[in-house]
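Residue strings, one per chain:
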Amino acid sequence: MSVVKNLVAGRILEEQLFPYPRLRDSDREVLGAMLDAIDQYLGPKHADFKRWDRDAEQPAEFIQGLRDLGLFGLIIPEEHGGIGLSNAAYARVLGQSSTHDSSATLTIGAHSSIGMKGLLLFGTAEQKARYLPKLASGEMIAAFCLTESGAGSDAASIRTRADKNPDGSWTLNGEKIWITNGGIADLYTVFARTSSPQGKITAFVVEAAWPGVGHGAHEDKMGIRASSTTTVSFADVRVPAENVLDMEGKGFKVAMAILNNGRTGLGGGAVGGMRTLIALSCAQAHTRKQFDQPIGDFELIREKISQMTVDCFAAESAVYMVAHYIDSGFEDYSVEAAISKIFASEALQRGAYEALQIAAGSGFMREYPYEQVTRDCRILTIFEGTNEVLRLYIALSALKSLGKSLGELKAAVDDIFNHPIKGFGVLSDYAERRLTRATGVGRDKILAQLPQSLRESAAIYERYTVEIARVSDLLLRRFGRSIADQQLKLKRIADIAIDLFVGLCVTSRAAQLAHNAAGDAASTADAVQAATIAGLFAQQAKRRMANNLRRIERNEDQEMNQLAGFILDKGHYPWDVM
Ligand SMILES: Cc1cc2nc3c(=O)[nH]c(=O)nc-3n(C[C@H](O)[C@H](O)[C@H](O)COP(=O)(O)OP(=O)(O)OC[C@H]3O[C@@H](n4cnc5c(N)ncnc54)[C@H](O)[C@@H]3O)c2cc1C
């Protein structure tokens, strides 16, 4: 059951949030050695990474080194020659490689998170046996080919075509753009519109060596410049029938499942980036002196460092909670995965801005790492679903689920989407009863048993769970299906849901750290600070949630829309002081 969909329905699924999950013992054993090996290989290459960023290249010998470390087989089961890490351990590996270089992390991440994930999730035994061993060793590198020039966020509008031949094989024609690993991949997961009457999308596994497959030049990008990004083209490529992934016509579902499943890799990488920024900022704050004092003594600098820490802890708590959901076989985690991607990517971008500000003039110089981190992390709010589209997805998925659960009260809500007012009284009573039952007035639940230091935070999340349910109920009744057009209202619902879910993950983790620390002085000190972080996050979240709630009703949305219309019509800013 989705935690967030339940929050929006007024229920906190405490059993899915507490206790905070622990990495599997088998993962811990492998991880220790693996993280050391990554540090040993990538650590001495920082000057190379800088040069490769400038020259926009990733030498073949370097990629061979990644192969030798086993980094292309991270999540492939051992029976197919991989390491068989869980999603959580995989996210941790990407976090470690991110502390060194984003492009290298993306090369590994695009291969595992999206490039060959379709084979893992949907491949037949025969497809897996044929490809996974080569993908695990890195003999084959994978890429994910969905985006086209006319189909970005609207992925369902792709035009690449797959026509079925009499012998059951397919002929593929079209061009994909901005494909990560496009220039170095040997295997592509390709999405194409099939020639069935419905024109449904189908996923195919396509080898780069087949006649008619080609790729364009390395794109000249703002960030992650060394990572390969190219067009990938298909001209009358014959794809055997056995290379269809999952079922014909199910390609869109396959694409979304891959993206949902892969999001914790991106989140793990973002957390690694934040760790680096915090370490860099601490060093700068200690060593840089102005007005005869280390700048770390100034409150305005200290505030930035503590905020980066709160953000990093919060992102990490959400990313690893979602990784645990995936590893535990939960089926309905796509909304939580979207939240972890949004929160981690935006937290890293805020961190990059503040770390550069702490380094100030030095931060602006290419000699230092800040400008590259700033460029590299800019992509994270754009790819694997833009954060705007993911916010809409979060709110609409949760509202849809709420609409369905309300639909259980068929008599009251029979026609809710057409006659929103009709079921008002019954719905209100129902919501009231449900909220009371769900949000802790009973008070024998996990949240009520948290350590004293976390109870105030828990109470905030309980209260706003009631509020999000109340306002969602109201919006559904008022707008019915046309809620989908109320993007600013949806964004506010999504932002409240983000604060609730991330905040509950933070609370859970702080509670677990307090529980584990018993007796040990160093761990107790860390646990006390974790509770401080939980309190800080809860207070900040409360202010944001209160603001978002208020602005669902009282806002300037109409004026903003009208002004945008005026400027869009003009096409430029019309005023001047001349
Ligand atoms: C470096 C890089 C690597 C990439 N790697 C891959 C890859 O490996 N494989 C792959 O298939 N693709 C890849 N992509 C493509 C990436 O996933 C897309 O760029 C992304 O999905 C957004 O599409 P778009 O850029 O066309 O933006 P658009 O979809 O054109 O969006 C433009 C703006 O409009 C907003 N918007 C769009 N629709 C709505 C809506 N309904 N409501 C409100 N706002 C909306 C967006 O949020 C955005 O701000 C990559 C892109 C880059 C830049």
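Residues numbered from 1 in each chain as written. Predicted model: local features only at pLDDT ≥ 70, side-chain atom pairs only at ≥ 80, totals over all residues. Heavy atoms only, no water.

1. What about the layout of surface pockets?
Reasoning step 1: Looking at the largest pocket, its volume works out to about 1,100 Å³.
Reasoning step 2: Contributing to the lining of the largest pocket are 36 residues, with Thr 147, Ile 382, Phe 383, Glu 384 and Gly 385 lying nearest its centre.
Reasoning step 3: For the lining of the largest pocket, the secondary-structure elements that each account for two or more residues are α6 (102–115), β3 (170–180), α9 (251–287) and α13 (387–407).
Reasoning step 4: Quantified by volume, the second largest pocket comes out at close to 900 Å³.
Reasoning step 5: Lining the second largest pocket are 29 residues, and of these Tyr 20, Pro 21, Arg 28, Arg 509 and Leu 513 sit closest to its centre.
Reasoning step 6: Listed by contribution, the elements that provide at least two residues to the lining of the second largest pocket are α2 (25–42), α5 (87–98), α10 (299–327), α17 (487–517) and α18 (521–553).
Reasoning step 7: For the lining of the second largest pocket, the element with the most residues is α10, which contributes 7 residues. (1 Å grid on protein atoms, 1.4 Å probe; cavity = no way out; pocket = protein on both sides within 12 Å on 5 of 7 lines; lining within 4 Å. Points joined across faces, edges and corners; volume = space filled by probe spheres on them. Helix = DSSP H or I, 4+ residues; strand = E, 2+ residues; numbered from the N terminus.)

2. A few points about the site of the ligand
Reasoning step 1: Phe 144, Thr 147, Ser 153, Thr 180 and Thr 386 are the nearest of the 19 residues found near the ligand.
Reasoning step 2: At a separation of 2.6 Å, an oxygen atom of the ligand approaches a polar side-chain atom of Ser 153.
Reasoning step 3: Contact with the protein chains covers 67% of the free accessible surface of the ligand, which is 970 Å².
Reasoning step 4: Put simply, the ligand lies in the largest pocket.
Reasoning step 5: Looking at the shell around the ligand, the elements with two or more residues in it are β3 and α13.
Reasoning step 6: Considering only residue class, the shell around the ligand consists of 10 nonpolar, 6 polar and 3 charged. (Near = heavy atom within 4 Å. Polar contact = N/O pair within 3.5 Å; in protein donor to acceptor, adjacent residues only side chain to side chain. Areas by Shrake-Rupley, 256 points an atom, 1.4 Å probe, with all protein chains shown as cover. Sits in = over half its atoms within 2 Å of the grid points. Nonpolar A, V, L, I, M, F, W, Y, C, P; charged D, E, K, R; others polar.)

3. Focus: a nonpolar patch on the surface
Reasoning step 1: Residues Leu 563, Phe 566, Tyr 573 and Trp 575 make up a contiguous nonpolar surface patch of about 460 Å² in total accessible area.
Reasoning step 2: On the secondary structure map, Trp 575 appears in the segment after α19 (557–570). (Patch = residues over 30% accessible without salt bridge, like charges linked within 9 Å, V, L, I, M, F, W, Y side chains within 5 Å. Salt bridge = Lys/Arg side-chain N within 4 Å of Asp/Glu carboxyl O.)

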